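Each chain, written out:
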Amino acid sequence: MTLALAACDTNTDGAAPASSPAAASATPASAQVDDGEREARWAASFCTTLGSRAKAAVELMQKMFAQAAEAGENVSEADMQAMQKDLLVEFMEDGAKESLDAAKQLEGIGAPAVVGEEFHQKFITLLKTSGDEAAAAVEKVKALDPTSPTFEAELDKLSEGGAAETLVAPLQEVGKSKPELNEVLKRTPECVDVVKQMSAIAGK
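Please read these numbers as outputs of a predicted model, since none were measured by experiment.

What counts as what
Residues numbered from 1 in each chain as written. Predicted model: local features only at pLDDT ≥ 70, side-chain atom pairs only at ≥ 80, totals over all residues. Heavy atoms only, no water. Helix = DSSP H or I, 4+ residues; strand = E, 2+ residues; numbered from the N terminus. Buried < 20%, exposed > 50% of the residue type's maximum accessible area, 1.4 Å probe, protein only. Areas by Shrake-Rupley, 256 points an atom, 1.4 Å probe, with all protein chains shown as cover. pLDDT = per-residue confidence, 0-100. Contact = heavy atoms within 4.5 Å. Axes fitted to C-alpha atoms, helices over the stretch in contact; angles between N-to-C directions. Parallel < 35°, antiparallel > 145°, perpendicular 65-115°, else oblique. Left-handed = near helix turned anticlockwise from the far one by under 90°. Nonpolar A, V, L, I, M, F, W, Y, C, P; charged D, E, K, R; others polar. Core = buried A, V, L, I, M, F, W, Y, C linked by side-chain atoms within 4.5 Å.

Asks: Hey, could you go over the overall build of the protein chain for me, with residue numbers and the actual values?
Replies: Regarding its fold elements, the protein chain presents nine helices and zero strands. Its helices and strands taken in sequence order, the protein chain reads α-α-α-α-α-α-α-α-α from the N to the C terminus. Every one of the 204 residues in the protein chain was classed for burial, and the buried ones make up 33%. Taken as a whole, the protein chain presents about 12,300 Å² of accessible surface, with 55% of it coming from carbon and sulfur.

Asks: Let's hear about the environment of D193: which residues, and what values?
Replies: Within the secondary structure, D193 sits in the loop between α8 (179-186) and α9 (194-202). Sequence-wise, D193 and C47 are 146 residues apart; in three dimensions their C-alpha atoms are separated by 9.2 Å.

Asks: Tell me about the confidence of the model for the protein chain, and name the residues and values.
Replies: Do not read the predicted coordinates in detail wherever pLDDT is low. On average, the protein chain scores 77 in pLDDT, and the residues at 70 or more come to 75%. Segment residues 1-30: pLDDT under 50, and eight contacts once partners within four positions in sequence are set aside and those in other chains are kept.

Asks: Residue-level account of the packing of helix α3 (residues 35-71) against helix α5 (residues 117-142), with values.
Replies: Where α3 contacts α5, the two axes come as close as 13 Å, and the packing angle between them is 30 degrees. Compared by their axis directions, α3 and α5 come out roughly parallel. For α3 against α5, the interelement crossing comes out left-handed. Packed against α3, whose contacting residues are W42, F46, T49 and L50, the element α5 presents F119, H120, F123 and L127 at the interface. When grouped by side-chain class, the residues that make up the contact of α3 with α5 number six nonpolar, two polar and no charged.

Asks: How would you explain the nonpolar core if you had to name every residue and give the values?
Replies: Ranked by internal contacts, the top residues of the largest apolar core, which has 22 residues, are W42, F46, L106, F119, F123, L181 and L185. At the level of secondary structure, the elements contributing two or more residues to this core comprise α3, α4 (77-109), α5, α7 (168-177) and α8. The dominant element in this core, judged by the number of residues it contributes, is α3, at five residues. Apart from residues lying up to four places away in sequence, W42 is in contact with L106, I109, G110, P112, V115, F119, H120, F123 and L181.

As structure tokens, this is what we get:
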């Protein structure tokens, strides 16, 4: 009790005690960032995430076609399907990790005014759902038997939504209902090629 009273009495001028470094560091990093900086970081993360998945989807198809062309008639259908299965597993595992990492990054950045909390949380939820679903689907893909006559149909079913098409919707929503954010994306370097990639995948 004496020590507690002594600590109180040391503040004799009536001023509030200075904040400790620990208290300052407890403030969320997103709250310490200027909204303009947050806006730039959010847009860069948004486009990097979409662009990475779009690029990976295109590369997956290219690898599959290249494998088929290289193998020719020297590889059995089951062996070919096994190779394609391995490529898809790698794609889905990478996608799951990237989506979950991006969600965590955006949570740390916070929602800039031009984005709004609702769209911010909606996109984060989409990333988390996409990541979790891809992670769950990977295990099912790994369990598929390439020699099974139903392999191709089962693989197609499990890979639905695993490609970049899942993430096209947010970009389309920005274009339709968020003109101010759309302008931000247009001047964000990471977004320059992404719009073209995603539009091509969406068939626009």
